Amino acid sequence: MQNGAHGVAKEQPRVTLYIILTTAFLSLCFLLSLSSSYHSSPPYTGSNGIRPDPRLFPSSSKIAADTSPPSIAYLISGSSGDSRRILRLLFAAYHPRNRYLLHLDSLATQSERNRLALTVGDVPIFRAARNVDVVGRPDFAYRRGSSPMASTLHGASILLRLSGAWDWFVDLSVDEYPLVTQDELLHILSHLPKDLNFVNHTSYIGWKESRRLKPVIVDPGLYLVEKTDMFFASQKRELPKAFKLFSGPSFSILSRSFIEHCVLGTDNFPRTLLMYLSNTPASLSNYFPTILCNSNLFKKTIINNNLLYQASNDTSKERRHQLDPKEFTEMVESGAAFARVSTFDDAVLDRIDHELLGRAHGEVVSGGWCLGDSGDNRSLCSVWGDSGILRPGSGSERLERLIVELLSNDWFRLHQCISE
């Protein structure tokens, strides 16, 4: 009798673990089915199939298709109360050639989401370029768990459906901000192969093994509407032996061909890894680096730098503060295209707008497509022309120095997917 009771108690953890894994698997499959079914019931509002203003994309443009500037697809995400920061980020990173998908997660109210869509629709250049959309049926994303990964893939799949013209994908949160204009960024990217992926990565796991990879969780963001605590199982699992795990910051700049590989490709590894990471506390930081470094097709396209500046003392718990002159200079001279600004106050963003982007309050960053008169009271970008004309400034020189450093002396090949 005692032996039987002991056997039942021994089997109980296995049954619990089986239930946890099965629930998470079915929840993630359901979420992914939503991303593949939006065509019949669009979760976004915006373009409505109307062609953009021909002045921005003249058919008789002298710029040949193969030499025209590239395009970036931006997924800009925030939560409740972040509408103002999303709009500021959109204005700072805007260019008519790019594509933008704005996502307020399910913690935001539908009225907040509707106001965001109406505000976007009231901006003349957004209406003319038809390149800004707002997610109408939001995802819920915890900072930890697999819901951020599912939300990013959902946004990427929508952007693939919305346009076949973009070349790179950038997942921006309201905690990031550009340090160069889009004219400057597109100018530099136009000289690079379009299959490059800018992703910080390492195979050194260290303390993350016990805290972020071995624990088994169920992310309630996959199947619940309201925010609840993450569910942790009592057991831990071993690290995989069928592939090598790589990790890095969630911010990256990914090629369209790689995003298509993850979302639409016939190789099953992206889906296998998706299922594995669905029960992992830190999924997004492992997903893209692991696919890249385990793929013979893509591991030679990765550059171990995501072009993002992050202050050495930046922590999620630190209060917002002003940068001293030395810190600001260090950020600028880094040559990075973006910065993590979660701890910066509005005064720092105002300085970035004024000194680096040349952006006035409530206006988009001007570029070669802006034809307004500087002596006029109206914005330079209230009159527009060919979006293929770029006007890079000093930011392109800083970014160029960084790119040259990364590509010189075979540095990037020596730092690709190193097993440590």
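Quick note: structure is the one above.
Residues numbered from 1 in each chain as written. Predicted model: local features only at pLDDT ≥ 70, side-chain atom pairs only at ≥ 80, totals over all residues. Heavy atoms only, no water.

*Asks:* Run through the nonpolar core, naming residues and quoting values.
*Replies:* Leu-90, Tyr-94, Phe-126, Phe-198 and Ile-352 are the most contacted members of the largest nonpolar core, which has 71 residues in total. By residue number, the principal contributor to this core is helix 2 (residues 83-92), which donates six residues. Leaving out residues up to four positions away in the same chain, Phe-198 has contacts with Trp-168, Leu-189, Leu-192, Ser-252, Ile-253, Ile-303, Asn-305, Asn-306, Leu-307 and Ile-403. Ala-73, Trp-166, Leu-254 and Cys-417 belong to the second largest nonpolar core, which has 35 residues in total. (Core = buried A, V, L, I, M, F, W, Y, C linked by side-chain atoms within 4.5 Å. Buried < 20%, exposed > 50% of the residue type's maximum accessible area, 1.4 Å probe, protein only. Helix = DSSP H or I, 4+ residues; strand = E, 2+ residues; numbered from the N terminus. Contact = heavy atoms within 4.5 Å.)

*Asks:* Give me the state of the cysteines: which residues, what numbers.
*Replies:* If you walk through the whole model with that rule in mind, you get two disulfides. Two residues share a disulfide in this structure: Cys-293 and Cys-417, whose sulfurs sit 2.1 Å from each other. One disulfide, between Cys-293 and Cys-417, carries an S-S torsion of -80° and so falls in the left-handed class. Separated by 124 residues along the polypeptide, Cys-293 in helix 10 (residues 284-293) and Cys-417 in the segment after helix 14 (411-414) bring together distant segments of the chain. Judged on exposure class, the residue Cys-293 and its partner Cys-417 are both buried. Covalently, Cys-370 is tied to Cys-381 through a disulfide, its sulfur atoms 2.0 Å apart. Every disulfide takes its handedness from the sign of the S-S torsion; for Cys-370 and Cys-381 that torsion is 80°, giving right-handed. Within this pair, whereas Cys-370 is found in the loop between helix 12 (346-357) and helix 13 (394-407), its partner Cys-381 is found in the loop between helix 12 and helix 13, the two being separated by eleven residues in sequence. Ordering the disulfide-forming cysteines of the protein chain by sequence position, one finds them joined as 1-4, 2-3. (Disulfide = S-S within 2.5 Å.)

*Asks:* Lay out the pairing of strand 5 (residues 168-173) in plain terms, naming residues and giving numbers.
*Replies:* With five of six residues buried, strand 5 lies mostly within the body of the structure. Summarising the sheet, strand 2 (residues 72-78) and strand 5 pair through six bridges and their orientation is parallel. Each bridged residue has a counterpart across the sheet, and for Ile-76 the counterpart in strand 5 is Leu-172. The sheet contact formed by strand 5 and strand 10 (residues 253-255) spans three bridges and is antiparallel. Counterpart to Phe-169 in the pairing with strand 10 is Leu-254. (Pairing = 2+ DSSP bridges.)

*Asks:* Would you mind going over helix 13 in detail, with residue names and values included?
*Replies:* The terminal C-alpha atoms of helix 13 lie 20 Å apart, and with 14 residues this matches the ideal 20 Å at 1.5 Å per residue to within 8%. Within helix 13 the residues assigned to the buried category are Gly-395, Ser-396, Arg-398, Leu-399, Leu-402, Ile-403 and Leu-406. One side of helix 13 holds all its buried residues, which, seen down the axis, span an arc of 160°. For helix 13, the secondary structure elements touched by its buried residues are helix 6 (182-189), strand 7 (197-198), strand 11 (302-303), helix 11 (325-333), helix 12 and helix 14. (Expected span 1.5 Å × (residues − 1). Arc of directions from axis to C-beta.)

*Asks:* Can you explain the packing of helix 2 against helix 3 (residues 110-121)? Please cite residues and give values.
*Replies:* One can describe the packing of helix 2 onto helix 3 by two numbers: an axis separation of 10 Å at closest approach and a directional angle of 25°. Taken together, the axes of helix 2 and helix 3 lie roughly parallel to each other. Classified by chirality, the crossing of helix 3 by helix 2 is right-handed. On helix 3, the residues touching Ser-83, Ile-86, Leu-87 and Leu-90 of helix 2 are Glu-112, Leu-116, Thr-119 and Val-120. Looking at the contact of helix 2 with helix 3 residue by residue, the classes come out as five nonpolar, two polar and one charged. (Axes fitted to C-alpha atoms, helices over the stretch in contact; angles between N-to-C directions. Parallel < 35°, antiparallel > 145°, perpendicular 65-115°, else oblique. Left-handed = near helix turned anticlockwise from the far one by under 90°. Nonpolar A, V, L, I, M, F, W, Y, C, P; charged D, E, K, R; others polar.)

*Asks:* Describe the packing of aromatic side chains, and please don't skip the residues or the numbers.
*Replies:* Taken as a whole and assessed by the stated rule, the structure comprises 13 aromatic pairs. On the numbers, 5.4 Å between centres and 25° between planes, the contact of Tyr-94 with Tyr-100 is stacked. The exposure classification of Tyr-94 matches that of Tyr-100, with both residues buried. Note on Tyr-94 and Trp-369: the rings are 6.3 Å apart at their centroids and 75° apart in plane angle, and the pair reads as edge-to-face. Of this pair, Tyr-94 sits in the loop between helix 2 and strand 3 (99-104) while Trp-369 is found in the loop between helix 12 and helix 13, placing the two residues 275 residues apart along the sequence. (Phe/Tyr/Trp six-rings, centres within 6.5 Å; stacked < 30°, edge-to-face > 60°.)

*Asks:* How would you summarise the side chain of Ser-396 if you had to cite specific residues and measurements?
*Replies:* Relative to the elements of secondary structure, Ser-396 occurs in helix 13. Ser-396 sits in the buried class, given a relative accessible area of 8%.

*Asks:* Tell me about the sheet that holds strand 13 (residues 338-340), and please be specific about residues and values.
*Replies:* Sheets are built from strands that pair by backbone hydrogen bonding, the pairs being arranged parallel or antiparallel. Judged by pairing direction, the sheet is mixed, and its three strands sit side by side in the order 6-13-12 without closing on themselves. If you trace the sheet from one side to the other, it starts and ends with strand 6 (176-178) and strand 12 (308-309), each paired once. With three bridges connecting them, strand 6 and strand 13 associate as antiparallel partners. For Tyr-177, the partnering residue across the bridge sits in strand 13 and is Ala-339.

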